[in-house]
Number of protein chains: 2
Amino acid sequence: MKILLIGASGTIGKKLQENLSQRHEIVTAGRNSGDIRVDISAVESIKNLFEQLSGIDACICTAGSGYQGNFQTMTEADLLPSLKGKLLGQVNVVLIGQHFLNENGSFTVTSGILADDPAKNSACGALISGALNSFVFAASLELKREIRINAVSPGIVEDSFEQYGHEFPGFNPVPMTKVINAYLKSVEGVSNGQILKVYG
Amino acid sequence: MKILLIGASGTIGKKLQENLSQRHEIVTAGRNSGDIRVDISAVESIKNLFEQLSGIDACICTAGSGYQGNFQTMTEADLLPSLKGKLLGQVNVVLIGQHFLNENGSFTVTSGILADDPAKNSACGALISGALNSFVFAASLELKREIRINAVSPGIVEDSFEQYGHEFPGFNPVPMTKVINAYLKSVEGVSNGQILKVYG
């Protein structure tokens, strides 16, 4: 397969690239690194990305993050960068990319455990992940040419736990191998319209 | 109770006002009608609304709608008005309103069945409703002064079925009395962090 991996420099993206590149041709894309530069918060940048590519079988997006902050002082301005990036960015990758992917291709977007199990300061991440999960379900009913779509919804992966674990008391660190497996189920398997939850 | 009802002129809002006004003092707000004018897609308009009010015990929002359209031609520009209105609008009502509601007050926002059971052309509505549901869950863990929050997630209500039912084949029309009861459970009951699903 030829796989477009957006967010390849991230914690999950790096490990995914390592794994997938053993069996597939990988094109990496990211804001500051990768084979092609893309800012998924900008529609034109996503269009530009896909127009440079051909023959993509699978598009994986692990880019974007959710704003974390105090609920009492949170404002729309705090939310907008995450909404434009992780939420609308991934939605736009699908809306635009659907016209470029090969028949029988697949999209895999990344939501997260906060949709179901929010922590302190995580209302933005919860909103984004809940939105992506329902979007994926709807999109799976609409995509043409046998293109599939799934969301991987990881908990806090082991690799991030030392850095971020203290913000998520009581959350079980999730083995990266299990997270990678969820992406493999989406890309190499036949899942469609699924939220592949890896909650540890 | 003193209840702020945003979206009082809508299909659900009108019936809610009829019911609630039998037992409570109602302040209605809407874009083109009501005691106070508000455009929930604008932060300043929401601030202006709450600054005109005092002593609100419950804030109900039934305003906003989700874009419906063909998934193959859908663009970010199609989604933005609904995202700013029904999604960010309701989120901003909570983020801003939390500082104005009485202790022991409540927020009730409106999501919808599409979060769980999307129909053709409804990816935007699915995204918005999924986002609101997860936001409500997160917000319920963070609101102070015993303020509660719930989402009512209605199916297609009987009163809208003649007009919209053909767009939702196989969806059961939902009795308005059941939808009203979900709002009453949120406003007059003790529910918190719940998605009150009324799917017929």
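Definitions and cut-offs
- Residues numbered from 1 in each chain as written.
- Chains lettered and ligands numbered in written order.
- Predicted model: local features only at pLDDT ≥ 70, side-chain atom pairs only at ≥ 80, totals over all residues.
- Heavy atoms only, no water.
- Disulfide = S-S within 2.5 Å.
- Buried < 20%, exposed > 50% of the residue type's maximum accessible area, 1.4 Å probe, protein only.
- Pairing = 2+ DSSP bridges.
- Helix = DSSP H or I, 4+ residues; strand = E, 2+ residues; numbered from the N terminus.
- Contact = heavy atoms within 4.5 Å.
- Axes fitted to C-alpha atoms, helices over the stretch in contact; angles between N-to-C directions.
- Arc of directions from axis to C-beta.

A.B. asks: Outline the state of the cysteines, supporting the account with residue identities and numerical values.
C.D. replies: Residue and element names in this part refer to chain A. Inspection of the entire model under this criterion finds zero disulfides over all chains. With no disulfide of its own, cysteine 124 lies closest to cysteine 61 among cysteine sulfurs, the gap being 16 Å. Cysteine 124 sits in the buried class, given a relative accessible area of 2%.

A.B. asks: Let's hear about the sheet that holds strand S1 (residues 2-6) of chain B: which residues, and what values?
C.D. replies: Residues and elements named next belong to chain B. The strand order across the open sheet built from seven strands is S3-S2-S1-S4-S5-S6-S7, with neighbouring strands paired in parallel fashion. With one partner strand each, in any of the chains shown, strand S3 (36-37) and strand S7 (195-198) form the two edges of the open sheet. Bridging between strand S4 (residues 58-61) and strand S5 (residues 106-110) involves three bridges; their strand directions are parallel. Paired with cysteine 59 across the strands is phenylalanine 107, a residue of S5. Of the strands in this sheet, S1, strand S2 (25-30), S4 and strand S6 (148-154) are in contact with helix H1 (residues 11-20), which crosses S1 at around 165 degrees. Docked against the sheet, helix H2 (residues 43-51) engages S1, S2, S3 and S4, running at close to 160 degrees with respect to S1.

A.B. asks: Please set out helix H2 (residues 43-51) of chain A residue by residue, giving values where relevant.
C.D. replies: Residues and elements named next belong to chain A. Among the residues of H2, those classed as buried are Ser45, Ile46, Leu49 and Phe50. Viewed end-on, H2 has its buried residues packed into an arc of 130 degrees, placing them on one side of the element. The exposed set on the far side of H2, more than 90 degrees from its buried face, consists of Glu44 and Glu51. As for H2, its buried residues are in contact with strand S1 (2-6), strand S2 (25-30), strand S3 (36-37), strand S4 (58-61) and helix H3 (76-97).

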